[in-house]
Amino acid sequence: MNIGLKLKELRILKGLTQEELADRAELSKGFISQVERNLTSPSIATLMDILQCLGVSTAEFFAEPSEEPIVFGKADYFEKYDPDLKNEIKWIIPNAQKNMMEPILLTLEAGGETYPDNPHEGEEFGYVLQGGITIHLGNQIYRAKKGESFYFSPDKKHYLTSKTGAVLLWVSSPPSF
C-alpha cells in the first residue's frame, strides 16, 4: 500500500491544502509533503492524528477496495420473457437479489401485466421510460405515464398492467422477483 499517495488522495478529496492539514494535525507543511511523497513515514500515533483530521478511521484507511464490479452493461443482463403475461424482465444488476434493492428493466407488451405479488415488507420504486402503466395496489388503481415515477410500500397485493405497452425501471427492496 502506498500510504503517502493514499493520504494525498484523501486530503485532496476533503478539499484541504497541505498547509491546512498540517495545521489541523499540528504538524509542518514540509512533513506532510514528505509523507505524501513517501520520503518519510509517520509514526502510528501521527498517522492516526492525520487520519482523524481527514475524518477517516484506521480501519477504513487500510481496508482493501472491493473487487466487486460497479458498472454493468447489456452483456451482464439476465433476461426472461413470459408469453402468458406478455412481459420481459431484464435484471440489470447481476445477482441483485443479494442486495437490499433489485433494479430491473421491465417491458410490458400491450395487454401485458406483472406477476401478482403478495404483501411483503420493503419498498417498490419505478420510473416509466416509455408508454403508460396501471399500478394495482390492493383495491386502489393508480396510473403513471412516460416521465413519471411511483413509490409505495408493498404491504398490499400489487401488480402492474399496461393497455398500450410500457418500458420502466423498477426497483424492489428487498428483492422479490
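Since the structure is predicted, the reported quantities are computational estimates derived from the model, not experimental observations.

1. So, the packing of aromatic side chains
Here is step 1 of the chain: Counting across every chain of the model gives 3 aromatic pairs.
Here is step 2 of the chain: Seen in terms of ring centroids, phenylalanine 61 and phenylalanine 62 are 4.9 Å apart; in terms of plane orientation they differ by 90 degrees. Their pairing is edge-to-face.
Here is step 3 of the chain: When the ring of phenylalanine 150 is compared with that of tryptophan 170, the centres are 6.4 Å apart and the planes differ by 70 degrees; the resulting orientation is edge-to-face. On the criterion of sequence distance, the pair formed by phenylalanine 150 in strand β7 (residues 149-152) and tryptophan 170 in strand β9 (residues 166-173) is long-range, its members being 20 residues apart.
Here is step 4 of the chain: Exposure remark for phenylalanine 150: the relative accessible area of 7% places this residue in the buried category.
Here is step 5 of the chain: Overall, tryptophan 170 belongs to the buried group, its relative accessible area being 3%.
Here is step 6 of the chain: An aromatic cluster is defined as three or more aromatic residues linked by ring pairs; in this entry it consists of Phe150, Phe152 and Trp170.
Here is step 7 of the chain: If you follow lysine 6 out to its NZ or CZ, it ends over the ring of phenylalanine 61, 5.1 Å from the centre.

2. Some thoughts on a nonpolar patch on the surface
Here is step 1 of the chain: The grouping of Phe125, Tyr127, Leu129 and Tyr151 at the surface amounts to a nonpolar patch, some 360 Å² of accessible area in total.
Here is step 2 of the chain: The leading source of residues in the nonpolar patch is strand β5 (residues 123-137), at 3 residues.
Here is step 3 of the chain: Exposure remark for tyrosine 151: the relative accessible area of 51% places this residue in the exposed category.

Rules and cut-offs
Residues numbered from 1 in each chain as written. Predicted model: local features only at pLDDT ≥ 70, side-chain atom pairs only at ≥ 80, totals over all residues. Heavy atoms only, no water. Phe/Tyr/Trp six-rings, centres within 6.5 Å; stacked < 30°, edge-to-face > 60°. Helix = DSSP H or I, 4+ residues; strand = E, 2+ residues; numbered from the N terminus. Buried < 20%, exposed > 50% of the residue type's maximum accessible area, 1.4 Å probe, protein only. Lys NZ or Arg CZ within 6 Å of the ring centre and 35° of its normal. Patch = residues over 30% accessible without salt bridge, like charges linked within 9 Å, V, L, I, M, F, W, Y side chains within 5 Å. Areas by Shrake-Rupley, 256 points an atom, 1.4 Å probe, with all protein chains shown as cover. Salt bridge = Lys/Arg side-chain N within 4 Å of Asp/Glu carboxyl O.

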